[in-house]
Amino acid sequence: MEKEKKLSLILFSGDYDKAMAALILANSARELNMKVSIFFAFWGLCLIRDPEKMSLEDKTVYEKMLGMTAPKGPEDLPLSRMNMAGIGKAMLKQMMEDQDAPDLSAFLKGAQKKGVSFYICKLSLEIMGFTLEEMIPDVKIMTAKDYLQDALEADIELFI
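This section reports on the structure supplied with the text. Because the structure is predicted, anything quoted here is derived from the model rather than measured. (Residues numbered from 1 in each chain as written. Predicted model: local features only at pLDDT ≥ 70, side-chain atom pairs only at ≥ 80, totals over all residues. Heavy atoms only, no water.)

**Some thoughts on unusual backbone geometry**
If a residue is not glycine, its phi is most likely negative; likewise, a peptide bond is most likely trans. Notably, Asn33 is not glycine yet its phi reads approximately 65°, a positive angle. Inspection of the secondary structure puts Asn33 in the loop between α1 (16-31) and β2 (35-40). In this model, Asp58 sits at a positive phi of 60°, which is unusual for a non-glycine residue. Considering the arrangement of structural elements, one finds Asp58 in the loop between β2 and α2 (61-69). (Helix = DSSP H or I, 4+ residues; strand = E, 2+ residues; numbered from the N terminus.)

**Structural notes on the environment of Asp150**
Inspection of the secondary structure assignment puts Asp150 in helix α6 (residues 144-151). Between the C-alpha atoms of Asp150 and Ser8, which are 142 residues apart in sequence, the distance is 8.2 Å.

**Structural notes on the nonpolar core**
The biggest cluster of nonpolar side chains holds 36 residues, and the ones touching the most others in it are Ile38, Leu47, Ile48 and Phe118. At the level of elements, β1 (6-11), α1, β2, α4 (104-113), β3 (117-121) and α5 (122-128) are the ones that each hand at least two residues to this core. No other element matches the seven residues that α1 contributes to this core. In this view, Ile48 contacts Phe40, Leu108, Ile120, Glu134, Met135, Ile136 and Val139; residues no more than four positions away in its chain are not counted. Grouped together as the second largest cluster of nonpolar side chains are eight residues, Ile10, Ala41, Tyr147 and Ala151 included. (Core = buried A, V, L, I, M, F, W, Y, C linked by side-chain atoms within 4.5 Å. Buried < 20%, exposed > 50% of the residue type's maximum accessible area, 1.4 Å probe, protein only. Contact = heavy atoms within 4.5 Å.)

**As for the packing of α1 against α4**
It is at 9 Å that the axes of α1 and α4 come closest, and there the two elements cross at 35°. Of the two possible hands of crossing, α1 and α4 adopt the one that is left-handed. Residues Tyr16, Ala19, Met20, Leu23, Ile24 and Asn27 of α1 lie in contact with α4, whose contacting residues are Leu104, Phe107, Leu108, Gly110 and Ala111. Here the residues of the contact of α1 with α4 are counted per class, giving nine nonpolar, two polar and no charged. (Axes fitted to C-alpha atoms, helices over the stretch in contact; angles between N-to-C directions. Left-handed = near helix turned anticlockwise from the far one by under 90°. Nonpolar A, V, L, I, M, F, W, Y, C, P; charged D, E, K, R; others polar.)

**As for the pairing of strand β4 (residues 139-142)**
Bridge count for β3 against β4 is four bridges, and the pairing is parallel. Looking across to β4, one finds that Phe118 is bridged to Val139. Between β3 and its parallel partner β4, the chain crosses via α5, and the hand of that crossover is right-handed. (Pairing = 2+ DSSP bridges. Right-handed = clockwise from strand over helix to strand, strands pointing away.)

Here it is as structure tokens:
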């Protein structure tokens, strides 16, 4: 019996288009029956923040400032290029709608439904001042060392 193929992604970016690329690859890999894990680090954490669960309680001044200014979930992420104060993103979303392409939130929900494993970098979570309770459901905390151990078993590793 052939060993199940595995895709391991690190999502470091907090940009809409880069997060979209990561989730398209994750969903496509699951459709190929690959095992998929995404390790969210630093700005990548903004993709999995739940705007309904964010809190400023028990945070330092810097953590409160970052929490209020950082993107608050998938639809709040800016484009990596040509964002133009949000106009570029609005244009991209309209172009996606014209092509009947799902938005970022739909790709995120699809990945969850298909069983993509979501892991949060423990140190990134602590440095950014976010908490696990502020994230979408079914994400787990993982150290960088544990991620690397897991990635050693992957057939494909990508850093986005």
